[in-house]
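Structural features, examined
Residues per chain are reported as follows:
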Amino acid sequence: MEKTVRRKPSENSILTLTNRSDILFVTVCTRNRGPLLANDDMCILITEAWAAAVHWLVGRYVIMPDHIHFFCSPNTTDPNLKAWIAYWNRLVTQSDGSEARGFWQSGFWDTQIRTGRAYEEKWQYVRHNPVRKGLAVVPEEWPYQGELNELRWFGP
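**Some details on the confidence of the model for the protein chain**
Averaged over all residues, the pLDDT of the protein chain equals 87, while 85% of them reach at least 70. Across the protein chain, helix α5 (residues 129-132) holds the top mean pLDDT of 98, while helix α3 (residues 100-103) sits lowest at 69. The model gives residues 1-6 a pLDDT under 50, and that stretch makes 3 contacts with residues more than four places away or in other chains.

**Section: the nonpolar core**
Core analysis: the biggest nonpolar cluster contains 40 residues, and V26, W50, I68, F70, L81, W84 and W88 have the highest contact counts within it. Ranked by the residues each element gives to this core, the list is headed by helix α1 (residues 40-52), at 6 residues. Not counting chain neighbours up to four residues away, the residues in contact with W88 comprise V28, A49, W50, A53, I68, F70 and W104.

**Observations regarding the pattern of salt bridges**
Between side chains of opposite charge, a pair can form as their charged atoms come close. Within this structure, the stated rule accounts for 5 salt bridges. Of the charged contacts, one joins E140 and R127 as a salt bridge, the two residues approaching to 2.4 Å between their closest N and O atoms. Of this pair, E140 sits in the loop between α5 and β5 (145-147) while R127 sits in helix α4 (residues 116-127), placing them 13 residues apart in sequence. Judged by relative accessible area, which is 15%, R127 ranks as buried.

**With respect to the packing of α1 against helix α2 (residues 81-96)**
A packed helix pair is summarised by two numbers, namely the angle formed by the two axes and the spacing between the axes. Packing of α1 against α2 leaves a shortest axis separation of 9 Å and a crossing angle of 140 degrees. When the axes of α1 and α2 are compared, the pair comes out oblique. The element α1 and its partner α2 pack so that their crossing is right-handed. Facing M42, L45, I46, A49, W50 and A52 of α1, the residues of α2 in contact are W84, Y87, W88, L91, V92, S95 and D96. In terms of residue class, the contact of α1 with α2 is made up of 11 nonpolar, 1 polar and 1 charged.

**Things to note about α1**
The first and last C-alpha atoms of α1 sit 18 Å apart over 13 residues, in line with the 18 Å expected at 1.5 Å per residue. If you check which residues of α1 are buried, you get M42, C43, L45, I46, T47, A49 and W50. The residue sitting at the N-terminus of α1 and contributing the capping side-chain oxygen is N39; that oxygen lies 3.2 Å from the backbone nitrogen of D41.

**Things to note about unusual backbone geometry**
The phi angle of most residues is negative, glycine excepted, and most peptide bonds adopt the trans form. Look at N32: it is not a glycine, yet its phi comes out positive at around 55 degrees. Along the chain, the position of N32 falls in the loop between β1 (24-29) and α1. N32 gets classed as exposed once you look at its relative accessible area, which sits at 74%. At R33, a position not held by glycine, the phi torsion is positive, near 55 degrees. Of note, R33 is situated in the loop between β1 and α1. Overall, the relative accessible area of 39% leaves R33 in the partly exposed class.

**Here's the deal with the side chain of N129**
Structurally, the position occupied by N129 is in helix α5. Residue classification places N129 among the buried positions, given a relative accessible area of 4%. Excluding its chain neighbours within four sequence positions, the residues that come into contact with N129 are M64, H67 and H69.

**Things to note about the sheet that holds strand β3 (residues 67-74)**
The strand order β4-β1-β3-β2-β5 describes an open sheet built from 5 strands, whose pairing is antiparallel. Of all the strands in the sheet, just β4 (109-112) and β5 have a single pairing partner and so form its edges. Taken pair by pair, the neighbouring strands of this sheet meet at an average axis angle of 20 degrees, ignoring direction. Judged from the 3 bridges that link them, strand β2 (residues 56-63) and β5 form a sheet pairing that is antiparallel. Its bridge partner being in β5, R60 is matched across the sheet by E147. Docked against the sheet, α2 engages β1, β2, β3 and β4, running at close to 45 degrees with respect to β1. Each of β1, β2, β3 and β5 touches α4; the most contacted strand, β2, lies at about 40 degrees to it.

How each quantity is defined
Residues numbered from 1 in each chain as written. Predicted model: local features only at pLDDT ≥ 70, side-chain atom pairs only at ≥ 80, totals over all residues. Heavy atoms only, no water. pLDDT = per-residue confidence, 0-100. Helix = DSSP H or I, 4+ residues; strand = E, 2+ residues; numbered from the N terminus. Contact = heavy atoms within 4.5 Å. Core = buried A, V, L, I, M, F, W, Y, C linked by side-chain atoms within 4.5 Å. Buried < 20%, exposed > 50% of the residue type's maximum accessible area, 1.4 Å probe, protein only. Salt bridge = Lys/Arg side-chain N within 4 Å of Asp/Glu carboxyl O. Axes fitted to C-alpha atoms, helices over the stretch in contact; angles between N-to-C directions. Parallel < 35°, antiparallel > 145°, perpendicular 65-115°, else oblique. Left-handed = near helix turned anticlockwise from the far one by under 90°. Nonpolar A, V, L, I, M, F, W, Y, C, P; charged D, E, K, R; others polar. Expected span 1.5 Å × (residues − 1). Polar contact = N/O pair within 3.5 Å; in protein donor to acceptor, adjacent residues only side chain to side chain. Pairing = 2+ DSSP bridges.

Listed below in structure tokens is the structure:
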């Protein structure tokens with residue numbers, strides 16, 4: 001069976017089901033994949049922006065030089081992921097003094113987590129990203145990662 005490769009970001013609406021957690025795995029990149037993110041100042045700006053942008057809760061995350069992987073969950077009854085990402089992108093670039101349109105790549109990638117196993121597999125993939133890229137020897141060594149909110153999985 002041939003694997004389907006997405007050519008464009010999905011940016012789907014979240015499918016809310018009563019028998020499982022509503023958690024998304026999201027990747028946001030810098031424009032032209034510029035290595036702008038993996039430093040102490042940007043890590044602080046990004047996590048502060050996430051804390052201020054309260055419509056979604058960010059759980060575990062890894063900030064790489066040119067992209068961010070994170071898990072998030074809606075914190076409102078009308079979650080608009082695209083608007084929320086645009087909001088915290090703007091907060092980061094305004095705090096940094098950068099031009100918002102020239103800093104972030106347009107669009108983002110999102111995948112809704114469907115099982116507890118998928119949640120753990122995605123996290124293991126994300127936390128090993130700095131090791132695969134040669135930026136750390138072990139995942140725990142990478143300083144630009146963490147967990148802002150505990151997003152617990154319930155369901156299958």
